[in-house]
Structure formats: C-alpha cells, structure tokens
Amino acid sequence: GVSQQQSDFSALIAKIPRDTQMVYIPWQLPPKGQAFGNQMKSAGKGSIKLMGADGLYDSSFASVGAHVYDTNFPLNPKSKIIAGFKKGHGGDGEYFGAPTYAATQVVGNAIDRACAKGSTTRAAVRAAIRSTKIPAAQSLVGVAIRFNRNGDLSTLHKFALYKSNGTVFVPIAG
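Remember, it's a predicted structure, so these values are computed and weren't measured experimentally.

The rules behind these values
- Residues numbered from 1 in each chain as written.
- Predicted model: local features only at pLDDT ≥ 70, side-chain atom pairs only at ≥ 80, totals over all residues.
- Heavy atoms only, no water.
- Helix = DSSP H or I, 4+ residues; strand = E, 2+ residues; numbered from the N terminus.
- Buried < 20%, exposed > 50% of the residue type's maximum accessible area, 1.4 Å probe, protein only.
- Contact = heavy atoms within 4.5 Å.
- Polar contact = N/O pair within 3.5 Å; in protein donor to acceptor, adjacent residues only side chain to side chain.
- Pairing = 2+ DSSP bridges.

Student: Looking at this structure, how should I read the environment of Ser60?
Tutor: Structurally, Ser60 is set in helix H3 (residues 59-62). For Ser60, a relative accessible area of 18% translates into the label buried. Considered as a pair, Ser60 and Gly166 are 106 residues apart in the sequence and their alpha carbons are 9.8 Å apart. In this structure Ser60 touches Pro30, Pro31 and Gln34, once residues within four positions along its chain are discounted. At a separation of 2.6 Å, a polar atom in the side chain of Ser60 contacts the side chain of Asp58.

Structure, rendered in structure tokens:
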C-alpha cells in the first residue's frame, strides 16, 4: 500500500517496467496523483498512461499531461452552480464530494414534495425520490437528475471516462 503521507514515489515507480501501457492509481488525493505523475516523468516514464480514480478528478492531476485519464460521475464543470461553488472555495471544485451533495438534494427535495400537505410516510418519500426530475440548471452537479423504474440514474450523462487535455479533464465520447 501507499501511505497518504507518502510524497516520494521513486521506489514504487522504479518497479514499473518501461513497457507498461498504463498505471492505475486508485487514490483520493489529487496532489498525490500529481506528484506521482510528475515523478513518473522525472524517472523517464512520462509516456506511460496514468489512470486515476474519481477522487483524482481535479485540474492538478490533469495538469500532469495529456497522457492522464480519470473516471468520474456525471458532472458539468461549466454549470453556474459548479462554477459558483468552485469560486467560493478558492478555485478548488472539490468534485469528489459533489455526488453526496446531489444525493442530499434529491432526498431533501423528495421530502419537501412528500410533506407538502404537512405529513408523510416513508413510502411517499420513496415515491417522490423515484419521480425526481431535477433540471441541469438546478442540479448541484450541473446535469439533469432523474431515475428509471429500477431506481438507477437515468440521464444522458453517465459515470464516464475522461482524458486530460493537459489542463483539465474532458469526457471521452463513446
């Protein structure tokens, strides 16, 4: 394992064969992913693709280079809500927590709708969750939120694969 306090990854990087096609780092701290990627470059292994977990979806990790990939939940970083949140946090979007905010938005709105007449039941709240239709402009993640009859997220935007353009992550079509 790798400690969250670790900052020198040279011993780990030295074990990576030069013909490796991709290294997956399932970390949650973007500065660690950035340090790892930069140390890969310093070790002459900068052409090896890096793939991060959703916790690394951040411009600091994307800045390592155009050979960096990441997975992430549906998110529209151009959304006015996301842009406002990012501005209010010193330019850090802190995207890792966004799905929790969106889930809270879904449940809070469902409770409000279910309690519209002053009281409710658990069944009414669950039904209100199933009928959720939050438009992208009101969504805390900047994409529309709704669910199919099985309760799965039913939106045009799915958990996706992103590629760095050297500065930020952009979705890979397909």
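What follows picks up the thread again.
Student: I tried to follow the pairing of strand S3 (residues 68-72) on my own but got confused; where do I start?
Tutor: When you tally the buried positions in S3, you get five out of five residues, the bulk of the element. Burial along S3 is two-sided: Val68, Asp70 and Asn72 and Tyr69 and Thr71, pointing in opposite directions, are all buried. In this sheet, S3 lies alongside strand S2 (residues 49-52) in parallel orientation, the contact comprising three bridges. Within the sheet, the bridge partner assigned to Leu50 lies in S3 and is Val68. Bridging between S3 and strand S6 (residues 160-164) involves four bridges; their strand directions are antiparallel. Across the sheet, the residue bridging to Thr71 is Leu161, located in S6.

Keep in mind that these numbers describe shape and distance, not what the molecule does.
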